[in-house]
Amino acid sequence: LSRLVQRDGGSTERAVARINSQMPLDAKRRLADVVIENEGGLEQLRDQVRQLAARLRRGARAWGLLTSPLMALALVLLPFWRWR
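Just so we're clear, the structure is a prediction, and the values are computed from it rather than from any experiment. (Residues numbered from 1 in each chain as written. Predicted model: local features only at pLDDT ≥ 70, side-chain atom pairs only at ≥ 80, totals over all residues. Heavy atoms only, no water.)

Here's the deal with a nonpolar patch on the surface
A cluster of nonpolar residues, Leu 70, Leu 73, Val 76, Leu 77 and Phe 80, forms a patch on the protein surface that exposes about 550 Å² of accessible area. Here Leu 73 shows up in helix H5 (residues 69-82). (Patch = residues over 30% accessible without salt bridge, like charges linked within 9 Å, V, L, I, M, F, W, Y side chains within 5 Å. Areas by Shrake-Rupley, 256 points an atom, 1.4 Å probe, with all protein chains shown as cover. Salt bridge = Lys/Arg side-chain N within 4 Å of Asp/Glu carboxyl O. Helix = DSSP H or I, 4+ residues; strand = E, 2+ residues; numbered from the N terminus.)

Thoughts on the confidence of the model for the protein chain
Looking at the protein chain, pLDDT values average 86 and 96% of them are 70 or higher. Mean pLDDT across the elements of the protein chain bottoms out in H5 (77) and peaks in helix H3 (residues 25-31) (93). (pLDDT = per-residue confidence, 0-100.)

Overview of the side chain of Gln 48
Residue placement: Gln 48 occurs in helix H4 (residues 42-66). A relative accessible area of 19% means that Gln 48 is categorised as buried. Residues in contact with Gln 48, not counting those within four places in the same chain, are Val 35, Ile 36 and Glu 37. (Buried < 20%, exposed > 50% of the residue type's maximum accessible area, 1.4 Å probe, protein only. Contact = heavy atoms within 4.5 Å.)

Shown next as structure tokens:
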């Protein structure tokens, strides 16, 4: 609250109204694809970011394989191959 008041230069009442107008954190979590908790120390935060980066790299490799021209050709030709 104090950071918001200092940052925006507004009143405490205005800051409280702004906070209360936001979507609840539980609702945001339910809608999120990824949640990075920032409750612990810096090393814990770094670990979460490293794990997320590794997961995204794995997903990008899989997506790259599935969308490669060779895979697209194989998917187009597969039905014809099976019926020969």
